[in-house]
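Listed here are the chains, written in short residue letters.
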Amino acid sequence: DAPSGPWGDLAGRRLVVSAGGTREPIDAVRFLGNRSSGLQGFALAEAARERGASVTVVAAHVALPLGEGIARVEVSTADELDAAMRDAAADADIVIMAAAVADYRPASAAATKLKKSGDAGLTLELVQTADVLAGLVAARRPGQVVVGFAAETGDDSGSVIEHGAAKARRKGADLLVVNEVGEGLGFGAASNTVVMLDSSGSPVGEASGSKLAVAHAVLDAAAARLD
Ligand code: CTP
Ligand code: CA
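Residues numbered from 1 in each chain as written. Chains lettered and ligands numbered in written order. Predicted model: local features only at pLDDT ≥ 70, side-chain atom pairs only at ≥ 80, totals over all residues. Heavy atoms only, no water.

If you check an unreviewed UniProt entry, the protein appears there as Coenzyme A biosynthesis bifunctional protein CoaBC from Demequina activiva.

The following block contains the structure:
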């Protein structure tokens with residue numbers, strides 16, 4: 001029942017995309033979070049809808065509206081996002097992890113608001129969250145295309161692309177969309193420049209421009225991998 005978009009190449013296909021950034025509770029009023037705006041994930045959802053797909057967005061703290069006809073599931077923590085993505089991915093053709101998922105959460109969250117104790121500092125104990133993308137790759141159905149994102153910075157141990165290629169091999173997603181983050185790049189910015197790598201770390205495409213343009217390029221690469 002998905003109306004065909006201008007291209008319609010994803011008509012009859014189901015796509016699920018996560019967007020935004022998770023929040024991990026410290027106490028009743030505080031959390032560990034990140035600066036993800038959700039713009040790229042929402043652009044992917046709008047682009048896929050335009051192309052005729054049936055789209056579900058799993059949104060973590062995104063202060064943006066979605067176009068009509070796109071299903072939206074609200075989550076907060078990495079654990080909630082994990083459960084919602086597993087659920088939505090079960091019958092999806094394309095699964096995209098565009099959300100910024102917290103790598104760590106407080107080992108325990110206080111049910112009440114923490115009080116200062118004199119002039120002492122505070123040490124938080126953190127534990128790793130589940131790797132949602134790894135779980136989706138492990139549960140991948142035959143013919144399903146799983147896409148990850150990676151925001152990288154170059155450093156002494158490697159360039160953005162070198163880090164991206166190592167991550168692509170480690171993650172095993174069909175596509176890893178790598179973008180460079182830093183001043184004026186990535187989070188919250190209107191435009192984006194990305195390189196798409198396959199699971200062996202080889203570049204299979206690149207895109208630069210608005211997040212909607214990048215979204216369409218990512219969908220081109222994902223659609224090319226569908227049966
Ligand atoms: N991701 C995930 N679950 C996590 C952390 C990340 O599903 N707990 C996903 C992100 O949504 C993204 C991909 O994994 O699609 C890569 O995220 P990134 O943070 O670049 O990689 P990490 O494996 O977390 O490695 P690191 O942060 O140490 O570079
Ligand atoms: Ca991470």
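Further notes follow.
## Notes on the coordination of the calcium ion (ligand 2)
Bound to the calcium ion (ligand 2) on the protein side are Asp-103 (OD) and Asp-103 (OD), at distances that span 2.4 to 2.5 Å. Following the sequence through the fold, Asp-103 ends up in the loop between strand 6 (94-97) and strand 7 (104-106). (Donors = N, O, S within 2.8 Å, 3.2 Å for Na, K, Ca; no water. Helix = DSSP H or I, 4+ residues; strand = E, 2+ residues; numbered from the N terminus.)

## Observations regarding the UniProt feature "binding site: CTP" (unreviewed entry) in the protein
In the numbering used here, UniProt assigns the "binding site: CTP" (unreviewed entry) feature to Asp-103, Lys-113, Phe-149, Lys-167 and Lys-171. What stands out for the annotated residues spanning 69 residues is how far apart their C-alpha atoms range, the widest pair being 38.0 Å apart. The annotated residues contributing to the lining of the largest pocket are Asp-103, Phe-149, Lys-167 and Lys-171. Given the relative accessible area of 53%, Asp-103 is considered exposed. (UniProt positions renumbered as here; feature names shortened; annotations may be inferred. 1 Å grid on protein atoms, 1.4 Å probe; cavity = no way out; pocket = protein on both sides within 12 Å on 5 of 7 lines; lining within 4 Å. Buried < 20%, exposed > 50% of the residue type's maximum accessible area, 1.4 Å probe, protein only.)

## Focus on the site of ligand 1
Taken together, 15 residues surround ligand 1, and among them Met-97, Ala-99, Leu-133, Lys-167 and Lys-171 come closest. Met-97 places a main-chain nitrogen or oxygen 2.8 Å from an oxygen atom of ligand 1. Its atoms largely coinciding with the cavity grid, ligand 1 occupies the largest pocket. Of all elements in the fold, only helix 3 (132-138), strand 9 (145-152) and helix 4 (160-171) reach the threshold of two or more residues within the shell around ligand 1. Of all the elements, strand 9 adds the most residues to the shell around ligand 1, at 3 residues. (Near = heavy atom within 4 Å. Polar contact = N/O pair within 3.5 Å; in protein donor to acceptor, adjacent residues only side chain to side chain. Sits in = over half its atoms within 2 Å of the grid points.)

## Side note on unusual backbone geometry
Backbone geometry places His-61, a non-glycine residue, at a positive phi of 60°. With respect to the helices and strands, the residue His-61 is situated in the loop between strand 4 (54-60) and strand 5 (71-75).

## Some details on the side chain of Asp-82
Structurally, the position occupied by Asp-82 is in helix 2 (residues 78-89). Setting aside its immediate chain neighbours within four residues, Asp-82 contacts Ala-130 and Val-132. (Contact = heavy atoms within 4.5 Å.)

## Examining the layout of surface pockets
Approximately 1000 Å³ is the volume found for the largest pocket. Lining the largest pocket are 39 residues, and of these Ala-99, Ala-100, Val-101, Asp-103 and Phe-149 lie nearest its centre. Secondary structure elements with two or more residues in the lining of the largest pocket: strand 1 (14-20), helix 1 (39-50), helix 3, strand 9, helix 4 and strand 10 (175-180). Classifying every residue of the lining of the largest pocket gives 18 nonpolar, 15 polar and 6 charged. Within this model, the second largest pocket holds a volume of roughly 210 Å³. (Points joined across faces, edges and corners; volume = space filled by probe spheres on them. Nonpolar A, V, L, I, M, F, W, Y, C, P; charged D, E, K, R; others polar.)

## Some words on the sheet that holds strand 6
If you trace the 8 strands from one edge of the open sheet to the other, you get 5-4-1-6-9-10-11-12, paired in mixed fashion. Of all strands in the sheet, those with a lone pairing partner are strand 5 and strand 12 (203-210), marking the two edges. If you compare each strand with its neighbour and ignore which way they point, the axes differ by 20° on average. Of the strand pairs in this sheet, strand 10 and strand 11 (residues 191-197) are connected by 4 bridges, and their pairing is antiparallel. (Pairing = 2+ DSSP bridges. Axes fitted to C-alpha atoms, helices over the stretch in contact; angles between N-to-C directions.)

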